Structure formats: C-alpha cells, structure tokens
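Read off the chains here:
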Amino acid sequence: MNDPDHRQLGNRLDLFHQQDEGPGMIFWHPRGWMLYRLLEDYIRNTMRRAGFREVRTPQLLARSLWERSGHWDKFQAAMYALADREEARAYCLKPMSCPCHVQLFGQRVRSYRELPVRYSEFGACHRDEPSGALEGLKRTRAFTQDDAHVFCAPAQIADEVARFCELLRQVYRELGFASFDVMLATRPALRAGNDAGWDHAEAVLAEAAKAAQLRFDVRAGEGAFYGPKLEFHLEDSRGRRWQCGTIQLDFVLPERLDVSFVDADNQRVRPVMLHHAVLGSLERFIAVLLEHHEGWLPMWLAPEQIVVATVSDAAGDYARQLMRQLEDANLRAVLDDRPERLERKLVDALDQCVPAFVAVGQRDARDGTLSLRLRDGSRQVCALDEGIARLVELARAPR
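Residues numbered from 1 in each chain as written. Predicted model: local features only at pLDDT ≥ 70, side-chain atom pairs only at ≥ 80, totals over all residues. Heavy atoms only, no water.

Peer 1: It is not clear to me how helix α2 (residues 30-49) should be interpreted in this structure. Could you clarify?
Peer 2: Since there are 3.6 residues in each turn of an α-helix, residues three or four apart along the chain are aligned in direction. Taking 1.5 Å per residue as the helical rise, α2 with its 20 residues ought to reach 28 Å, and the 28 Å between its terminal C-alpha atoms agrees with that figure. Buried within α2 we find Arg 31, Gly 32, Leu 35, Tyr 36, Leu 38, Leu 39, Glu 40, Tyr 42, Ile 43, Thr 46 and Met 47. Backbone geometry just after α2 places Gly 51 at a positive phi near 95°. (Helix = DSSP H or I, 4+ residues; strand = E, 2+ residues; numbered from the N terminus. Expected span 1.5 Å × (residues − 1). Buried < 20%, exposed > 50% of the residue type's maximum accessible area, 1.4 Å probe, protein only.)

So, in structure tokens, the structure goes:
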C-alpha cells in the first residue's frame, strides 16, 4: 500500500472506527485497544523508571479553578462547560491536567528536600474542536495525554530538562523514529506575566536546552500562555514532521494557584513547574505510528504477534497445544483453523500485518516442531521449545 492513511489502516486492521453519534470520538475495537494499552504501559513503565509517580485527577472541575489558572481566558471557546442544577455552579471538562497537578502538590507543606516532585498521568481530556478540523485520530474532541509535571527549585531546572530530553530520545528511538527537530517556542501575544519574567524564562530554557546538547530553532510567538516551551518534531518514514513531545517552563501557575515549598532558610518559596509530554495525545501518536510503519508495527507493539495456521484438520490438536504454550509465554497469538488453503491464510495474516506466521501440519505434530515464517520472508523449522524461545526474543519489549 502506498502512503496509507491511518484511517484506512484502522479499518483494514480492525483497530477503531468513528461515527456520527460521537463526532471527534473514537470507538476502539479489541485489536486497537490492545495497541493502545501496550503503548500506554510502555510509557507508564518508562516514566516510572524516570522517577515519576502516576496519579489520577478528575475530569470535571469547577470553572473557578480554570479562571484562576488562566486557562478559561485562553481556551474557553474550546472548553466544554456545564452547570450543576443544585449548586448553580459552573463546571468544565478538563482540556489538560496542569492545574490538577498543582492541586496535588499544594495539598500539604513541602520541604525543599522533597524536590523535585514528579507526577505523571494519562489524562483524559476534552476539547470542543471545530467539526471541520477533525481528522481521524489526529484531531479529536476526546483524547488522552501523557501529561507529566515536575515541581522543582530553579537550580534543578537544567538537570530536569536534560533528564527529559534523554528519556524522549530513548522513547522515539525505540518506537522507530530516527530523528527529530527541536523548536524553542517563545512568548505569545496573549500571555500571563510580565516581559521581565518572560525574558528570564526564555533565557533559562534556552540555556537548559543547550546544556542538554540540543540544537534548536526559534518559533516566535508559539509558546504557552504561561511560559516558553521546547517542541520536538518527529520525522516519519515519508519525511513529514509531527510535533509530539514538549517541555514547558512555567513560573506563572505556581503563583496563580498559590503553591510553595519551604527552603533551607525556612522561607516559603514558589516552585518552578515543568510541563512534560513525550507522545502528546496518545490517539494522535498512534495515527503517526501507524502511518510511519505502514501498519507493520514493531513486534512488541503488534496487537496480534503470531498467527498459528493449520494445514489440515488433522493438525488441530497440536495447533491448540501450541497456542496454549505461546499464551503461557505471554505471546499474543491467534489460531486460524479455517477450512482454507494455507496460502490463503498466509495472505490474510500479511494483510493484517501480523509479524509471525506459524504453519502447523501433521509432520510438525509428529516431530514436535514449529514451522516459522517472518514478515521478511525468512523461514525456519525448529524444535518446539527452540521456536517459542525465538518468538519470545523477537517479541521482547524494549527494556
């Protein structure tokens, strides 16, 4: 297939669909949800190893919180708002998780010895995007962000930016993206804070980026309303660029939402807040991932890793025994015992972008062997235990 669109791939691979009753929303099918959860778990484990603690915050919050943070002034046209009939109070579905994480930090008095405090969340967000802007998984009204925030002292900024950049390099490499560009997005026209504060924030973030050995161009006016940001633009297999990761430096929200920590002199001090995302929207990233790999995801991410296909009904018992052993080895296998020719089963497996194909015939049942064919056309007949060990190695997730 030439230049496949992720929506076509989603339909052909039975991953997801959309319909008029849920504009901008996604109906995830079993295979698609498996992919989603595999990607989510990969990021979850990566963030945990990087020192982040996962949290969960509400989707519905009083509009007053968004007014205090400044998000209402900036994003109200894209926010879903509703009223509580009993309290006569306005609420909003969250478009991002930033103010929620500030609330977690501010729940008790913090010591400088605790810093940096790192939170991560798969934040379920809603934004009222114009109908004409909706585009499959790439632009939706309901999506999940891999939100993360660090609360630290000013002296810790450079180290935290460097940690994030190294994490991001590793993740993109393991997901199959060889290169990315970096942009420093500076103060927008509609912003919080004063020019002196923005001068300082932009200079600090630029120096931290240089210390992390990043080369970057400047995107004037494209920063967040509360601070400058570094944007990471991936290059896909077709040479297109996608802005996915971001790290934003924020002196504003800790002030607006009144959080602090106690320093070594027993004084209350505002923390610095760093906003992180490695993938951004998981939905959008899956779209980019599908198109980049043209549906042929790395084996560790493939919703179905192996098709076990019978040559004849006589091999059915051995095929089912093999299925149990593959499942015991935590491999995702499906059994194709349809009364079809083996060539048809192979074509269907390739059409579904399943990385490994195991043909099971009477000879395999008699000899206790496994006949393996991989996507690149390579073939191998080996003892059952040896074949399963090979598949386990091929399917091994990064780290």
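Next comes the rest of the account.
Peer 1: Explain the nonpolar core to me, please; I cannot follow it from the model alone.
Peer 2: General note: in soluble globular proteins, nonpolar side chains tend to be found buried as a group. The biggest cluster of nonpolar side chains holds 62 residues, and the ones touching the most others in it are Tyr 172, Leu 175, Leu 230, Phe 232 and Phe 285. Not counting residues within four places of it along the chain, the set of residues in contact with Phe 285 comprises Leu 39, Tyr 172, Leu 175, Phe 177, Leu 234, Cys 244 and Leu 279. Among the nonpolar cores identified, the runner-up in size contains 27 residues, and Leu 61, Met 96, Leu 253 and Val 259 belong to it. (Core = buried A, V, L, I, M, F, W, Y, C linked by side-chain atoms within 4.5 Å. Contact = heavy atoms within 4.5 Å.)

Peer 1: What is the right way to look at the side chain of Glu 121 in this model?
Peer 2: Position of Glu 121 relative to the elements: it lies in strand β8 (residues 117-126). At 2.9 Å, the side chain of Glu 121 and the side chain of Thr 57 are in polar contact. What Glu 121 contacts, discounting residues up to four positions off in sequence, is Val 55, Arg 56, Thr 57, Lys 94, Ser 97, His 101, Gln 145, Asp 146 and Asp 147. (Polar contact = N/O pair within 3.5 Å; in protein donor to acceptor, adjacent residues only side chain to side chain.)

Peer 1: How should the pairing of strand β6 (residues 89-93) be read in this particular structure?
Peer 2: Relative to β6, strand β4 (residues 60-62) is paired through 3 bridges, and the arrangement is antiparallel. Residue pairing in the sheet places Ala 62 in a bridge with Tyr 91 of β6. Counting the residues in the hairpin turn of strand β5 (residues 81-84) and β6 gives 4 residues, including Ala 88, whose phi is positive at 50°. (Pairing = 2+ DSSP bridges.)

Peer 1: How should the side chain of Glu 202 be read in this particular structure?
Peer 2: Mapping Glu 202 onto the fold places it in helix α7 (residues 195-211). At 2.8 Å, the side chain of Glu 202 forms a polar contact with the side chain of Arg 187.

Peer 1: I tried to follow the packing of helix α6 (residues 157-174) against α7 on my own but got confused; where do I start?
Peer 2: Contact pair α6 / α7: the axes reach a minimum separation of 9 Å and the direction vectors enclose 50°. It follows that α6 is oblique to α7 by the angle criterion. Helix-helix and strand crossings are classified by hand; for α6 and α7 the assignment is right-handed. Residue-level inspection shows Ile 157, Ala 158 and Val 161 of α6 in contact with α7, the latter providing Val 204, Leu 205, Ala 208 and Ala 209. The residue makeup of the contact of α6 with α7, split by class, is 7 nonpolar, no polar and no charged. (Axes fitted to C-alpha atoms, helices over the stretch in contact; angles between N-to-C directions. Parallel < 35°, antiparallel > 145°, perpendicular 65-115°, else oblique. Left-handed = near helix turned anticlockwise from the far one by under 90°. Nonpolar A, V, L, I, M, F, W, Y, C, P; charged D, E, K, R; others polar.)

Peer 1: Please clarify how the pattern of salt bridges should be interpreted in this entry.
Peer 2: Opposite charge on two side chains permits pairing when their charged atoms draw close. Taken as a whole and assessed by the stated rule, the structure comprises 39 salt bridges. A salt bridge links Arg 187 to Glu 202; its shortest N-O distance comes to 2.8 Å. Of the two residues, Arg 187 sits in the loop between β10 (180-185) and α7 while Glu 202 sits in helix α7, which places them 15 residues apart along the sequence. Neither Arg 187 nor Glu 202 differs from the other in exposure class; each is buried. Residue Asp 195 pairs with Arg 191 through a salt bridge whose shortest N-O separation is 3.0 Å. For Asp 195, a relative accessible area of 45% puts it in the partly exposed group. (Salt bridge = Lys/Arg side-chain N within 4 Å of Asp/Glu carboxyl O.)

Peer 1: What is the right way to look at the sheet that holds strand β17 (residues 306-310) in this model?
Peer 2: Within a sheet, neighbouring strands are paired by backbone hydrogen bonds and run either parallel or antiparallel to one another. One open sheet accounts for 5 strands, arranged β18-β17-β19-β20-β21; its pairing is mixed. Single-partner strands in this sheet number two, and they are β18 (333-336) and β21 (379-383). The mean inter-strand angle of the sheet, taken between neighbouring strand axes irrespective of direction, is 25°. Of the pairings in the sheet, the one linking β17 to strand β19 (residues 356-360) comprises 5 bridges and is parallel in character. The partner of Val 308 across the bridge, within β19, is Val 358. Docked against the sheet, helix α10 (residues 316-328) engages β17, β18, β19 and β20 (369-374), running at close to 165° with respect to β17.

Peer 1: Would you mind going over the packing of aromatic side chains with me for this structure?
Peer 2: The description of an aromatic ring pair rests on the distance of the ring centres and on the angle between the ring planes. Applying the stated criterion across every chain yields a total of 13 aromatic pairs. Taking 6.1 Å as the distance between ring centres and 70° as the angle between the ring planes, the aromatic pair formed by Tyr 119 and Phe 151 counts as edge-to-face. Of the two residues, Tyr 119 sits in strand β8 while Phe 151 sits in strand β9 (residues 142-152), which places them 32 residues apart along the sequence. Of the two residues, Tyr 119 and Phe 151, neither departs from the other in class, the shared state being buried. For the ring pair Phe 225 and Tyr 226, a centre distance of 5.0 Å and an interplane angle of 70° mean the geometry is edge-to-face. By the ring-pair criterion, three or more aromatic residues cluster together here, those being Phe 16, Trp 28, Trp 33 and Tyr 36. Positioned above the aromatic ring of Phe 105, the side-chain terminus of Arg 110 is 5.1 Å from the ring centre. (Phe/Tyr/Trp six-rings, centres within 6.5 Å; stacked < 30°, edge-to-face > 60°. Lys NZ or Arg CZ within 6 Å of the ring centre and 35° of its normal.)

Peer 1: Got a minute to help me understand the environment of Leu 35 in this structure?
Peer 2: Mapped onto the fold, Leu 35 is located in helix α2. Sequence separation between Leu 35 and Ala 302 is 267 residues, and the spatial gap between their C-alpha atoms is 6.7 Å. The residues touching Leu 35, leaving out its near neighbours within four places in the chain, are Ile 286, Leu 290, Leu 297, Leu 301 and Pro 303.

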